[in-house]
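The residues making up each chain are set out below.
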Amino acid sequence: MLPEYCFPVSENACENGRCVRRRNSMASVTLKNVKKIYPFNGDDAKKKKKKKGEETTEKKVNLQITDKGVVAVQEFSLDIKDKEFIVLVGPSGCGKSTTLRMIAGLEEISEGELYIGDRLVNDVAPKDRDIAMVFQNYALYPHMTVYENMAFALKLRHAPKDEIDKKVKEAAEILDITQYLGRKPKALSGGQRQRVALGRALVRDPQVFLLDEPLGNLDAKLRDQVRYELKKIQTQLGVTTIYVTHDQTEAMTMADHIVLMKDGHIMQQGTPNDLYAHPNSLFVASFVGTPQINKLTCKVVEKGSSLAFQCGELLLSVPDDLTALMQQYKGKEVIVGLRPSELTLAPEGQGEIEGTVDSVEPLGDGFIVYLKAAGQMLVAKIAGGSTVIGKTISLNIEKGKFHIFDSQIGRAHV
């Protein structure tokens, strides 16, 4: 349990018996049409000149390759509010770490504008941006003690010794690493080293925290613990935080606001619930949620006086709230998304879906069930009950939980 302390800053106050952080300046972060282009090297340029015909084809296949070079981040615009916890998430190579490094000043911005508060910082050196960055590999000095690692940045600023001592000790108490201040990094576990890296960032009292996959080197149990503590610290201190991860579970559990990226573009942004309940594309629906959403390619057909989704041999009734929308797709294909957690166990023979259990993953309080239903493979996350391989089970789809996507471009219809 972390102590309810406030880290010393320019101004503190007590509310309801506990210390809270107050800052004199807002620490919003604004990116306006920010783009990052990595120019071709000399060899690449020669190849382009020799194969002009192939260059045109390459552009059509991969829009990230232009005459100027490889575009890693494409016209990225985002407003991050003061004290907000933003998570940039997406598959490897989507541009999330590059975006973070541009905010930190470790990568030059090719086009666009970056503001921290009301200050344009495109050409401001990293040390003058009032930010602190925590990396996945901790980046601690092995020859220094924990205390010395945490105090190092303050010593470079020529801060008074008593101020350094106070800030380091209070940060150590917040992170529960006071007992390790005299040790060197090699004598610490991975989780303890990560806390030291966080403490080194805390003592600088930055306007913005930048964290690049800081939990990537931790085991699963420790990752859960540090994730909880990190979110708690951020809430206590009220510091604007931008967090990069490829782990959608981290994004869903920590973020006030998620930005999901792909190929340098923002695919969707919003609260974790927005992305889970209302994905705007098949990519978003597939990326967010564990297990992954079921995707069925279906034809909209008439079923008596109503409509149905014909998904191979599987026939699903179109819900009343979707009937008007699906009228225009009668005879056409759509992709129906069904989240595993929204498929519920029904009495035998009374569900909308009948399937034979192919495989089971016990969760302790339930099961992840893989079943064959009329030629389709489906995944369901079932709470309680008992399930055995080879058994036939019945499932219902929770009301209003159909996700419908265009079969050609993958955009959501509702």
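This structure is a prediction, so every number in the text was calculated from the model and none was measured. (Residues numbered from 1 in each chain as written. Predicted model: local features only at pLDDT ≥ 70, side-chain atom pairs only at ≥ 80, totals over all residues. Heavy atoms only, no water.)

Some points on the overall build of the chain
And step 1. When helices and strands are tallied, the chain shows 11 helices and 22 strands.
And step 2. Contacts spanning at least 24 positions in sequence make up 68% of the contacts within the chain whose residues lie at least 6 apart.
And step 3. Surface exposure of the chain reaches about 20,500 Å², of which carbon and sulfur atoms provide 49%. (Helix = DSSP H or I, 4+ residues; strand = E, 2+ residues; numbered from the N terminus. Contact = heavy atoms within 4.5 Å. Areas by Shrake-Rupley, 256 points an atom, 1.4 Å probe, with all protein chains shown as cover.)

Topic: the sheet that holds strand β8 (residues 131-134)
And step 1. Reading across from one edge, β8-β9-β10-β5-β11-β12 is the order of the 6 strands in this open sheet, with mixed pairing throughout. Each edge of the open sheet carries a strand with a single partner, namely β8 and β12 (265-270). Direction aside, neighbouring strands of the sheet carry axes that sit 15 degrees apart on average.
And step 2. Bridge count for strand β9 (residues 208-212) against strand β10 (residues 240-245) is 5 bridges, and the pairing is parallel. Its bridge partner being in β10, Val-208 is matched across the sheet by Thr-240. (Pairing = 2+ DSSP bridges. Axes fitted to C-alpha atoms, helices over the stretch in contact; angles between N-to-C directions.)

Remarks on empty space enclosed by the protein
And step 1. The tally for this structure, following the rule as stated, stands at 2 cavities of 30 Å³ or more.
And step 2. Contributions of two or more residues to the lining of the largest cavity are made by α6 (190-202), β9 and α7 (220-237).
And step 3. Taken together, the residues that form the lining of the largest cavity break down as 7 nonpolar, 2 polar and no charged. (1 Å grid on protein atoms, 1.4 Å probe; cavity = no way out; pocket = protein on both sides within 12 Å on 5 of 7 lines; lining within 4 Å. Points joined across faces, edges and corners; volume = space filled by probe spheres on them. Nonpolar A, V, L, I, M, F, W, Y, C, P; charged D, E, K, R; others polar.)

Regarding the packing of aromatic side chains
And step 1. Taken as a whole and assessed by the stated rule, the structure comprises 4 aromatic pairs.
And step 2. Considering the side-chain rings of Phe-85 and Tyr-243, the 5.8 Å spacing of their centres and the 35 degrees angle between planes classify their relative orientation as tilted. Residue Phe-85 is located in strand β5 (residues 85-89), and its partner Tyr-243 is located in strand β10; the two are separated by 158 residues in the primary sequence.
And step 3. A residue is classified by how much of its surface remains accessible, and Phe-85, at 0% relative accessible area, is buried.
And step 4. Taking the ring centre of Tyr-276 as reference, the NZ or CZ of Arg-339 above it sits at 4.2 Å. (Phe/Tyr/Trp six-rings, centres within 6.5 Å; stacked < 30°, edge-to-face > 60°. Buried < 20%, exposed > 50% of the residue type's maximum accessible area, 1.4 Å probe, protein only. Lys NZ or Arg CZ within 6 Å of the ring centre and 35° of its normal.)

Here's the deal with the pairing of strand β22 (residues 403-406)
And step 1. Burial of the side chains of β22 extends over both faces: His-403 and Phe-405 are buried on one face and Ile-404 and Asp-406 on the other.
And step 2. Two elements, strand β16 (residues 333-338) and β22, share 4 bridges in a ladder whose sense is antiparallel. Note that in β22 the partner of Gly-337 across the bridge is His-403.

Remarks on the pairing of β9
And step 1. Burial analysis of β9 places 5 of its 5 residues in the buried class, the great majority of the element.
And step 2. Here β9 shows no split at all, with Val-208, Leu-210 and Asp-212 on one side and Phe-209 and Leu-211 on the other all buried.
And step 3. Pairing analysis gives 4 bridges linking β8 to β9, with the strands arranged parallel. Residue pairing for β9: Ala-132 is matched across the bridge by Phe-209.
And step 4. Tracing the backbone out of β9, into α7 and back to the parallel element β10 gives a crossover that is right-handed. (Right-handed = clockwise from strand over helix to strand, strands pointing away.)

A look at the layout of surface pockets
And step 1. Its volume calculated, the largest pocket comes out at about 520 Å³.
And step 2. Looking at the largest pocket, it is lined by 18 residues, and the ones nearest its centre are Ile-131, Ala-132, Met-133, Ala-153 and Arg-204.
And step 3. Elements with a minimum of two residues in the lining of the largest pocket: β8, α4 (146-156) and α6.
And step 4. Looking at the lining of the largest pocket, its residues break down into 14 nonpolar, no polar and 4 charged.
And step 5. Space inside the second largest pocket adds up to approximately 190 Å³.
And step 6. Of the residues belonging to the lining of the second largest pocket, the class tally is 5 nonpolar, 3 polar and 3 charged.

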